[in-house]
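Inside the fold
Here is what each chain is made of, one letter per residue.
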Amino acid sequence: MAVALRCFRHLPSLLCRSSFAMRWGLPQAPAACPALLLDGCRQSVHQMQLTRQLATKKVKGKGQSQARVNISAALVEDIINLEETNEDMQAVVEALKEDFSRNLSVRTSPGVLDHIIVVTKDGKFPLNQLGQISQKSPQLIVVNMTNFPESTAAATKAIRESGMNLNPEVDGTLIRVPVPKVTREHRESLAKLAKQSTNKSKEALRKVRSKSINQVKKFKSKVSEDTIWLLEKQIQQMADSAAAEMDKLLAAKTKELLG
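The sections below set out a description of the structure shown in this document. Predicted model, so just to flag it, every value in this text is computed and none were measured.

Right, let's talk about the sheet that holds strand 6 (residues 140-144) for a bit. Spatially, 5-6-8-7 is the arrangement adopted by the four strands of the open sheet, whose pairing is antiparallel. Edge positions in the sheet fall to strand 5 (132-137) and strand 7 (169-171), since each of these pairs with one other strand and no more. Taking the axes of each pair of neighbouring strands and ignoring which way they run, one obtains an average angle of 25° across the sheet. Relative to strand 8 (residues 174-178), strand 6 runs antiparallel, the two sharing five bridges. Note on strand 8: the bridge partner recorded for Leu140 is Pro178. Running at roughly 10° to strand 8, helix 8 (residues 152-160) makes contact with strand 6, strand 7 and strand 8 of the sheet.

This brings us to the pairing of strand 8. Residues in a regular strand project their side chains so that they alternate between the two faces of the sheet. Side chains Ile175 and Val177 project from strand 8 onto a buried face, and the interleaved Leu174, Arg176 and Pro178 project onto a face without burial. Of the pairings in the sheet, the one linking strand 7 to strand 8 comprises three bridges and is antiparallel in character. When the bridges of strand 8 are listed, Glu169 appears paired with Arg176. Where strand 7 folds back onto strand 8 in an antiparallel hairpin, the turn is made up of two residues, including Gly172, whose phi is positive at roughly 70°.

Counting residues in each nonpolar core, the largest one holds 51 residues, and the members touching the most others are Met89, Leu113, Leu127, Val143, Ile159, Val177 and Leu231. Within the residue set of this core, elements represented by two or more residues are helix 6 (82-103), helix 7 (127-130), strand 6, helix 8, strand 8, helix 9 (184-217) and helix 10 (225-258). A total of 12 residues in this core trace back to one element, the largest contributor, which is helix 10. Counting residues domain by domain, this core receives three or more from each of domain 1 (73-104 + 183-258) and domain 2 (110-178). If we ignore the near neighbours within four places in the chain, the residues touching Met89 are Leu205, Val208, Arg209, Ile235, Met238, Ala239 and Ala242.

By the bridge criterion, five bridges tie strand 5 to strand 6 in an arrangement that is antiparallel. Following the sheet pairing, Gln132 is matched in strand 6 by Asn144. Turn length for the strand 5-strand 6 hairpin, with the two strands adjacent in sequence and antiparallel, is two residues.

Let us look at the environment of Asp78. Structurally, the position occupied by Asp78 is in the loop between strand 2 (65-69) and helix 6. It is 9.7 Å that separates the C-alpha atoms of Asp78 and Phe219, two residues lying 141 residues apart in sequence.

It is worth spelling out the packing of helix 9 against helix 10 at this point. With their axes 10 Å apart at the nearest point, helix 9 and helix 10 run at an angle of 170° to one another. The orientation of helix 9 relative to helix 10 falls into the category roughly antiparallel.

A separate point is the layout of surface pockets. Its boundaries defined by the atoms lining it, the largest pocket holds a volume of some 600 Å³. Around the largest pocket, the lining is made up of 20 residues, and of these Asp99, Asn103, His115, Ser197 and Lys200 lie nearest the centre. At the level of secondary structure, the elements contributing two or more residues to the lining of the largest pocket comprise helix 6 and helix 9. It is helix 9 that provides the largest number of residues to the lining of the largest pocket, a total of six residues. Looking at the lining of the largest pocket residue by residue, the class counts come to 11 nonpolar, six polar and three charged.

With that out of the way, let us pick up the packing of helix 6 against helix 9. Helix 9 packs onto helix 6 with a crossing angle of 170° between their chain directions and a minimal axis gap of 10 Å. Judged on the interaxial angle alone, helix 9 and helix 6 are roughly antiparallel. Along its contact with helix 6, which presents Thr85, Asp88, Met89, Val92, Leu96, Asp99 and Phe100, the element helix 9 presents Ala194, Ser197, Thr198, Ser201, Ala204, Leu205, Val208, Arg209 and Ser212. Partitioning the contact of helix 6 with helix 9 into residue classes produces eight nonpolar, five polar and three charged.

The rules behind these values
- Residues numbered from 1 in each chain as written.
- Predicted model: local features only at pLDDT ≥ 70, side-chain atom pairs only at ≥ 80, totals over all residues.
- Heavy atoms only, no water.
- Pairing = 2+ DSSP bridges.
- Helix = DSSP H or I, 4+ residues; strand = E, 2+ residues; numbered from the N terminus.
- Axes fitted to C-alpha atoms, helices over the stretch in contact; angles between N-to-C directions.
- Contact = heavy atoms within 4.5 Å.
- Buried < 20%, exposed > 50% of the residue type's maximum accessible area, 1.4 Å probe, protein only.
- Core = buried A, V, L, I, M, F, W, Y, C linked by side-chain atoms within 4.5 Å.
- Domains from an automatic or database assignment.
- Parallel < 35°, antiparallel > 145°, perpendicular 65-115°, else oblique.
- 1 Å grid on protein atoms, 1.4 Å probe; cavity = no way out; pocket = protein on both sides within 12 Å on 5 of 7 lines; lining within 4 Å.
- Points joined across faces, edges and corners; volume = space filled by probe spheres on them.
- Nonpolar A, V, L, I, M, F, W, Y, C, P; charged D, E, K, R; others polar.

Shown next as structure tokens:
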């Protein structure tokens, strides 16, 4: 016990000689400090390095300040791949961008009908997998259902209920879709669709976050509570950042649609 106490008194000096001490510019310990004791405190230094990832920078919130967490992915790679988690979240954001660009525009084109979902007796399919879509004039889009004539009625219903202010007309296996004038009502309808798409994307984002947090919780018995807390905080911040980017996309698209 006495030997242990004497070793403990050397701890500050040992920390000074560690890479941790050199990183933070602490004075060097005397050369006489036992190397064995230095090896004995390396694990403590590693934990301190991880704990210090909780930065002092504050972020303004709703009447509160929150500490930002920035954990080195290399320190926790055995628990979770943070880079992969971030990529999954950004993929959801990119999908929303593509949806806005492809389907939500005041300029009607054949592409806006591509991903309308048609419910048939055999399942759900995008319209462009059932019919050939073409634009005959600036005021008319035609969907040729020759390959799947039995789905003509279902496709017509899907177009009419798409929320795009379209009123299709059936002519045998052809569906004629008059292009409506860009009215204020049509713009507002598109803005509502943009909001719905954003909500769906945020739900997908929450699923990515929950999956990642559940992965971290599997290691509760193997790592410290501080490490688990820091990782959960980091994942939540990544999700918040992606959600904020979605809100900016929605605001920009809404402004574009409503003028």
